[in-house]
Structure formats: C-alpha cells, structure tokens
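Residue-level structure breakdown
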Amino acid sequence: MLQQKSENGEDHIWLTPVARKKLRAMAASTSSQPRTSPAPTSAAPSVATRTPSSGGEPQVSRPAAKIERPDLDGNNASSPATSQASHDILSPEGSSKIEKLNWLKERAQNWEPARKLDSLRDTMVFSVGNPDAKLVLVGEAPGAEEERQREPFVGPAGQLLTKIIEAMGIPRSDVYISNIVKFRPALPNQGDSNRKPTAEEMASCVTFVKTEIEVIQ
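Please read all numbers here as calculations on a predicted model, not as lab measurements.

Further remarks concern the pattern of salt bridges. Under the defined criterion, the tally for this structure stands at 10 salt bridges. The partner of Arg115 in a salt bridge is Asp122, with the nearest N and O atoms 2.7 Å apart. Overall, the relative accessible area of 59% leaves Asp122 in the exposed class. Between Lys182 and Glu212 there is a salt bridge, and its shortest N-O distance comes to 2.6 Å. Of the two residues, Lys182 is situated in the loop between strand 8 (176-179) and strand 9 (183-185) and Glu212 in helix 7 (residues 199-216); the sequence distance between them amounts to 30 residues. Beyond isolated ion pairs, a larger network of salt bridges with shared partners links Arg121, Glu147 and Arg184.

Laid out in structure tokens, this is it:
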C-alpha cells in the first residue's frame, strides 16, 4: 500500500490519534534501549493500525518517513512520523472561544501552505455562527456568493441548508458553519463558476477547521 501511495505521488499520510499514540510509545521504547551498530536491512516494513470501531482500511505509516508540520504562524518544519499531526501542534491564543477563533482567522488570511499553491483566490471566507454550538457543519470550500459576502453557505446550497436546519427546529445562528478550504478554488475566466477543492488544497487548510472544532468542543 505504501509503495502504491508513493507511486501516486503521495508523501504525507494522516494518522489517527490511536496510531500516533502507538508510534510515540514505540519511539519512546526504542530510545530507552542501548544503541547498537546498525545491521544491514532490507526495506523498512510498514506499520498499520486499525481502530476496532472504524471498520475501514488500516491507517499506514512509514517508520522513517518525514511529514511537514505547519505551525499556525505559517512556518513549515520537518519532524519524524512519530510526532503529532499538524492540527495538534499549537493551541490558539486567547481566553475565550471567540478570541481563539479570531486568532485562527488572522493566521488563516496569510497561511503560507495555502497561498503558495497559487490555485486559490485571495478573499478568505472563514466561518460563521455560535462558538458554543452543539452542531458544527463543515463544507468543502466557498463559492462565488460566499466569496462576495465573506460568509460560508449563503449561496443556493446555503439557502437550502438554512431551511434544513430550521426544519430541525434549530436557528441557523445557533449552529457553527465552516469550510475545510478557506479560499475559493480558482479557475481560468472564472466568473461565477466554482469547482471542488483538490486533495492538496484541502490538506493545506485542514489544520484550521480541525482546530476550530477543538475550540468549540
């Protein structure tokens, strides 16, 4: 599976919290043992973990792989695969949820991993709603109307979403709404045309929405 991912050009692998915990435990155990001279080895085996309730494919990591961990000031740093995933790296500053979310919003505006892709437009659309919400809704990326109003889910799909929320007996203002990608994906001669974000575009921004959810929880 790792070889196939490598052939497809993938060099980053997302790990579940359980997988990260196991890898950190393995690293701690290895570091406590006496060092010995390295012996010739074949290709490093892969490590797979599966959570009992997931029912999906195992999460796989290459033991010696490096992953890029952006911090929330826009810097990149390489770290061993045993380190925490990028969305765990930093706690937002501020004493209240609103202050923490505003802190995230400020950093998202000039977030280097997203801006350097050169495939996203310039107007940021961050989030809207109640920071104490019991329900969080996450979309893929803003469209033309969202970009104009700088608010997620206000176009045709957003109007339908509002009707669904209200039919559940919940005011839209009681829900927290965000997107994985904080900028509208670009197209040549775009006009009002929209497109879905690529996996690379989502990976560049996903650290923010994950941290938003942590703040609200």
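To continue, consider the packing of helix 3 (residues 97-109) against helix 7. Their axes nearest at 10 Å, the elements helix 3 and helix 7 cross at an angle of 175°. Relative to helix 7, the element helix 3 lies roughly antiparallel. On helix 7, the residues that touch Lys97, Lys100, Leu101, Leu104, Arg107 and Ala108 of helix 3 are Phe208, Thr211, Glu212, Val215 and Ile216. For the contact of helix 3 with helix 7, the residue count by class is 6 nonpolar, 1 polar and 4 charged.

Counting 20 residues, the largest nonpolar core has Leu104, Phe126 and Tyr176 as its most contacted members. For this core, the secondary-structure elements that each account for two or more residues are helix 3, strand 5 (120-124) and helix 7. Counting residues per element, this core draws most heavily on helix 7, at 6 residues. Setting aside residues up to four positions removed in sequence, Tyr176 forms contacts with Leu101, Phe126, Ser127, Val128, Gly129, Asn130, Ala133, Leu135, Val136, Leu137, Glu212 and Ile216.

Definitions and cut-offs
- For every chain, the first residue of the written sequence is number 1, and numbering continues from 1 along that sequence.
- Note on the predicted model: pLDDT of at least 70 is required for a residue's local features to be given, and 80 or more for side-chain atom pairs to be given and counted; whole-chain, interface and lining totals, by contrast, use all residues.
- Note that water and hydrogens are dropped before the side-chain values are worked out from all heavy atoms of the structure.
- The rule for a salt bridge is simple: a side-chain nitrogen of Lys or Arg has to be within 4 Å of a carboxyl oxygen of Asp or Glu.
- The buried label applies to any residue whose accessible area, calculated with a 1.4 Å probe on protein chains only, is under 20% of its type's maximum; exposed applies above 50%, and partly exposed to all values in between.
- A helix here means a DSSP run of H or I that spans at least four residues, while a strand means a run of E at least two residues long, and both kinds are numbered starting from the N terminus.
- Here an angle of 0 to 180 degrees is reported between the N-to-C directions of two axes, which are lines fitted to C-alpha atoms, with helices fitted over the stretch in contact.
- With respect to orientation, any angle under 35 degrees is reported as roughly parallel, any angle over 145 as roughly antiparallel, any angle of 65 to 115 as roughly perpendicular, and every other angle as oblique.
- Should any heavy atoms of two residues lie within 4.5 Å, those residues are counted as being in contact.
- Gly counts as polar in this scheme, as do all residues outside two lists: the nonpolar Ala, Val, Leu, Ile, Met, Phe, Trp, Tyr, Cys and Pro, and the charged Asp, Glu, Lys and Arg.
- By nonpolar core we mean a set of buried residues, namely Ala, Val, Leu, Ile, Met, Phe, Trp, Tyr and Cys, connected to one another through side-chain atoms within 4.5 Å.

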